[in-house]
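Below, each chain spelled out in residue letters.
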Amino acid sequence: MSSIKPHRTAALAGLLGAAVLAAGCATKTMAPTAGVTDEYLLTVTRPGQLQVMDMQAHAILRSCDIPGKFGSGSIAPSPDGRTAFVLSNMWEDVYGIDIETCEVVFSAIQSGGDIRVKTFQSVAVSVDGRELYTVQNPVRHLPDRLEVLQPQLAVYNIADGLNAQPARTFPVNRRITKIAATATGEVILGGADVEAIDPRTGATRVVTALANWDRGPLWLPPDAFAMHSQGEHVNEYIMPYVTARFESEEWDFDAAEWWWGFSRVDLATGRAEQMEIFPLEFIIFTMVSDPNDRNILYGAFNTVSRHDVAKKETLAVEPLDHTYYAINISGDGSKLFIGGAGNDISIHDSASLAKIGSIQLPGDMSTADLRVARIRR
Amino acid sequence: MIHDYSIRTIFGAGALVLAGALAAPPVAGAADGEALLRSYCLTCHTEQGAGSGGLSRINEMRKSPEGWHMTMNRMQNMHGLTMPPEDKRAVIKHLADTRGLAPAEAEPWRYLLEQDTNRVEDVAEPYAEMCARCHSGARFALQRRSAGEWALLVHTHMGQNPTLELHALSRDRPWMQLALDETAPALAADFPLDSAEWRAWQAAVKPELAGSWRLVGHVPGKGEFDARMTAEGSAADGYTLRVDGRYLDGSRLSGRGSATVYTGYEWRGTLELDGVPMRQVMAAAADGAEMQGRMFRRDARELGGELRAVREGATGQVIAALPGHLRRGETGIVTIVGSRLAGNVSLGAGVRVLEVLSRDADRVVVRARADGANGLREVRVGTARGAGMLAVYDRIARVEVLPHNAVARVGGPGDAQMEKVRVAYRAVAYAAGPDGEAGTDDDIRLGPVPVSWSIEPADDDAAEADDHVFAGSIDADGLFTPGDAGPNPKRSMSGGNTGRLAVVATVAGGAEPVEGRASLLVAAPDFVRRVLD
């Protein structure tokens, strides 16, 4: 069973972090400059703070308290970059937090009555900034039994503010994790297949068949899974997968060709490309595209790596200090930010992959996202 | 993605905390058990089917005592049931007695009840990935349920552990749908609520287990022993125990404790054996003549060995010969263990008893010389016989290291939360049978033999990482102790003292030394404590 073990270094880092945090609050303020776009790196740390970070200075600008217990720390920035919608309270509640004032401007308490709702990372905001989407996995707690109910897409009006109730719900498939809104008004649902749902009608369509792909017996059905997806800088959504092509129906696992692949959805159009992208040589937990050349991908887990999708090659790989889950990139494509799992963000030069800095955080990020909010001034 | 890539075929995990409670007898005359259930359970459960006598859910399943214990823990820890420990014991006893497993139903899965967790399970295909990747396959094989209850169990799993369907080996399939549409019906067919065995066992007269027993067993670090255990009946299948005996080297052992019998045959004892708290888990035979199982340390269930109890009767009995083997052409000492032993001693064809070194009604120690063909001999004392108890052999052809596959866990100083999980190894020798080849079906089992123990890296990768240097060490008795928990700065990737090893037992003796091997995984601590794996 997968379980998240306590990090041994958490206590020590907590102490260091406290100092960083205090310094950050006392001295740094966001300096608004008209006509430019400011980028802020967002993550969530235990016991429950949204960390707003300066991507130039590699420092915490502000730490906002998030209501509820920790978990999961999935984040969806609003399109104007000013609000971060954070999944909190053990994967149950969503809080909208103004990243400049720390004010809680929105909340959706999803559980109620005898129904307990969990959301597995699935939080997205519509392109017009008006609607919030979550995928709810409800369980009814009866006095002597539990009853697992059909998951549903819940649509909230962000203008409803605190204690918002869903305006609409539509049934969806099980095991959906990351979701994203398209400019065409759909919501991409990352599950066994990549699907899209129309949040006005509930109509769904398959964007990329993965679990249900039809590539003949020699291709292993893909293991597709996304706990993070951070394509905001290029308006895309990536669902990575692992597959293998066998030589014959002898199913020789050692002789098979093992591949990473992805379904990459263009959020402007809702159309996706799906392909094998480079050989499986090590584990990658999240991938981001290079904003200057979408043919180039970066990945992170125990290593940081650069890949060429057209050539189907790994170009470079460097070890990381420990395991990280999430990777993101600055808007100009120069710097990689690698976080999640522990309590530091490792910063790398995207050309050389060399480590060029880090941000110590006051707590563990665990499953939290690492996302970039862009505010036009 | 292959993030959590460990398929758990071996399960060797967390310590037992509460399980000891099962051995303390519940209070006498525990009011009518059903009344007790109703008084505690009806807050949430209902008097449902008039035919089945009500009690929603509770009447739709049968489990081992430990299975009921786990369920009661969940009622308390997750649903807010409160009851004093003595009532909890009484409820578990009543549930196991009235909604338990027949001996034949539990038989194939007793290793789990015996907490013998270092083994690779052979779980049937439909269940291996669906059900036996988080816990033992015996956990559900030790339950019987109606079809509806197997389905509700799937709902309980998903409700309690909602991310289950996102794990590797779940997300590659529509897990919930498969579990409801395929696995639950298969379970209902393989492990049904209603069975002929259970009906027969409910109707059967249960064996009386009070009285005097001869015990033979093994304690890691001490070796084989024999003892007398007296069980004095108190109330409600509860017994007071006295154990007195000696190890093969002549040193004494003694213990006092208590036992409770569940479902008419499930013996659960706890005792202080020379100051060390131990547990006994045995199953009584239907005629009450014998019990068989395992005894282990209460604080370290991995440190234990087999335990057999034979009821003493009016006539003589031979129970064991220790050691159970003599080499051809050599003179050795054999201890015959039994009850009411009197009369001439014979060790079978070709084995000459040279001298009786000592004897009483429980034990006869002889010096003997073996000749004749390889094979098993009958041991006799007067009219008492023990068929096949002594093996005569020419040379040790192979050594089996037990357990074959084990998991040790780092712990201790670096990580105050969890004790180290050790592994107690034994080497069992075999001689070649009539076909002259070792490793075939006709091999003759000689029993445990002294060996010299060592560890090696499991393969080139493990050697490269110096696993044999960091992961732990093995002592002369075959006790493997893993390294300390926590990061070890001497190792790469700030890794801890985990590793993969081969455990090697070497017997000198013959022309060439004979080696036996087993594989050992030294893993990170397991923070979850379970009543049953």
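Here's the deal with the overall build of chain A
- If you tally the helices and strands in chain A, you get one helix and 30 strands.
- Relative to the globule expectation of 21 Å for 377 residues, the C-alpha radius of gyration of chain A, 20 Å, shows essentially globular dimensions.
- Taking the principal axes of the C-alpha coordinates as reference, chain A spans close to 65 × 55 × 45 Å.
- In chain A, which comprises 377 residues, the proportion classed as buried is 56%.
- Long-range contacts, defined here as pairs at least 24 residues apart, represent 50% of the contacts in chain A between residues at least 6 apart.
- Put simply, chain A has 32 plus and 45 minus side-chain charges, and the middle of one group is 4 Å from the middle of the other.

Side note on a negative patch on the surface
Residue and element names in this part refer to chain A.
- Taken together, the side chains of Glu 247, Glu 250, Asp 252 and Asp 254 present a region of like negative charge at the surface.
- Structurally, the position occupied by Asp 254 is in the loop between strand 19 (236–245) and strand 20 (257–266).
- Owing to a relative accessible area of 74%, Asp 254 belongs among the exposed residues under this scheme.

Here's the deal with the state of the cysteines
Residue and element names in this part refer to chain A.
- For the structure on display, the rule yields one disulfide over all chains.
- In this model Cys 64 forms its disulfide with Cys 102; the gap between the sulfur atoms is 2.1 Å. Taking the sign of the S-S torsion, -70° for the link of Cys 64 and Cys 102, the bridge is left-handed. Placement of the pair is Cys 64 in strand 3 (residues 59–65) and Cys 102 in the loop between strand 6 (93–98) and strand 7 (104–109), with a sequence separation of 38 residues.

Examining the confidence of the model for chain A
- Summarising the model, chain A shows a mean pLDDT of 91, and 91% of its residues fall at 70 or more.
- Low confidence marks residues 1–32 of chain A, where pLDDT is under 50. Its contacts with residues over four positions away, or in another chain, come to 47 contacts.

Quick word on the confidence of the model for chain B
Residue and element names in this part refer to chain B.
- Taken residue by residue, chain B gives an average pLDDT of 90. The fraction at 70 or more is 91%.
- Contacts for the low-pLDDT stretch residues 1–21, under 50 throughout, to residues beyond four places or in other chains number 75 contacts.
- Confidence over residues 25–30 falls short of pLDDT 50; this stretch has twelve contacts with residues more than four positions distant or in other chains.
- For this predicted complex, the interface score ipTM comes out at 0.87, while the overall pTM is 0.89.

Regarding the pairing of strand 5 (residues 83–88) of chain A
Residue and element names in this part refer to chain A.
- Among the six residues that make up strand 5, six are buried, leaving the element largely enclosed by the rest of the structure.
- In strand 5, alternate side chains face the same way, and those of Thr 83, Phe 85 and Leu 87 on one face and Ala 84, Val 86 and Ser 88 on the other are all buried.
- As paired strands, strand 4 (residues 75–77) and strand 5 are joined by three bridges and run antiparallel to one another. Across the sheet, residue Ala 76 finds its bridge partner in strand 5, namely Phe 85.
- The antiparallel pairing of strand 4 with strand 5 creates a hairpin that spans five residues between the two strands, and Gly 81 there sits at a positive phi of about 80°.
- Where strand 5 and strand 6 come together, six bridges link them in antiparallel fashion.

Topic: the interface of chain B and chain A
- Taken together, the contact between chain B and chain A spans 32 residues of the former and 32 residues of the latter.
- Of the roughly 3,100 Å² buried between chain B and chain A on both sides combined, carbon and sulfur atoms contribute 67%.
- Inspection of the region where chain B meets chain A yields two salt bridges.
- Put simply, Arg 174 of chain A and Glu 165 of chain B hold a salt bridge, and the shortest N to O gap is 2.8 Å.
- The interface formed by chain B and chain A contains six residue pairs in polar contact (both at pLDDT 80 or more).
- With six residues, helix 8 (residues 147–160) of chain B is the single largest residue contributor to the side of chain B that touches chain A.
- Per-class residue counts for the side of chain B that touches chain A are 14 nonpolar, 13 polar and five charged.

Section: helix 9 (residues 175–190) of chain B
- The largest bend in helix 9 of chain B comes to about 35°, at Thr 183 of chain B, with the proline Pro 185 of chain B one to four residues further on.
- By the burial criterion, the buried members of helix 9 of chain B are Trp 175, Met 176, Ala 179, Thr 183, Ala 184, Leu 187 and Ala 188 of chain B.
- Looking at the packing, one finds that the buried side of helix 9 of chain B touches strand 11 (145–148) of chain A together with helix 6 (125–131), helix 7 (138–141) and helix 8 of chain B.

Things to note about the sheet that holds strand 26 (residues 479–482) of chain B
Residues and elements named next belong to chain B.
- Across the sheet, which stays open at both edges, the three strands sit in the order 21-26-25 with antiparallel pairing between neighbours. The strands lining the two open edges of the sheet, one partner per strand, are strand 21 (423–424) and strand 25 (472–474).
- Here strand 21 pairs with strand 26 via two bridges, running antiparallel. Bridging from a neighbouring strand, Val 423 pairs with Phe 480 of strand 26.

Reading guide: rules and limits
Position labels on residues start from 1 in each chain and follow its written sequence. Numbering of ligands from 1 and lettering of chains from A proceed in the order in which they are written. Reporting in this predicted model follows two pLDDT cut-offs: at least 70 for local features of residues, and 80 or more for side-chain atom pairs to be given and counted; totals over whole chains, interfaces and linings ignore these cut-offs and use all residues. In computing side-chain properties, one takes all heavy atoms of the structure into account and sets aside hydrogens as well as water. Numbered from the N terminus, helices here are DSSP runs of H or I no shorter than four residues, and strands are runs of E no shorter than two. Our radius of gyration looks at C-alpha atoms and nothing else; its globule reference is 2.2 Å times the residue count to the power 0.38. Using a 1.4 Å probe on the protein chains alone, a residue whose accessible area is under 20% of its type maximum counts as buried, one over 50% counts as exposed, and one in between counts as partly exposed. We call two residues contacting when some pair of their heavy atoms lies within 4.5 Å. Neither His nor the chain termini are counted; the positive set is Lys and Arg, and the negative set is Asp and Glu. Charged groups are reduced to one reference atom each: NZ for lysine, CZ for arginine, CG for aspartic acid, CD for glutamic acid. Like charges within 9 Å and nonpolar side chains (Val, Leu, Ile, Met, Phe, Trp, Tyr) within 5 Å are joined into patches, using only residues over 30% in relative accessible area that form no salt bridge. Under the convention used here, a 1.4 Å probe and the Shrake-Rupley method define accessible areas, while residue burial counts only the protein chains that appear. Every case where a carboxyl oxygen of Asp or Glu lies within 4 Å of a side-chain nitrogen of Lys or Arg is listed as a salt bridge. By disulfide we mean two sulfur atoms from cysteines, separated by a distance within 2.5 Å. pLDDT expresses how confident the predictor is about each individual residue, on a scale running from 0 to 100. Only strands that DSSP links by at least two bridges are regarded as paired with each other. Buried area is understood as the total, over both parts, of accessible area removed when two parts are fitted together, assessed with a 1.4 Å probe. Two N or O atoms form a polar contact when they lie within 3.5 Å of each other; inside protein one atom must be a possible hydrogen donor and the other a possible acceptor, and for residues adjacent in sequence the pair counts only when both atoms belong to side chains. Side-chain classes follow a simple rule in which Ala, Val, Leu, Ile, Met, Phe, Trp, Tyr, Cys and Pro form the nonpolar group, Asp, Glu, Lys and Arg form the charged group, and the remainder, Gly included, forms the polar group. Here the bend at each residue means the angle between axes fitted to two seven-residue stretches, the one ending at that residue and the one beginning there.

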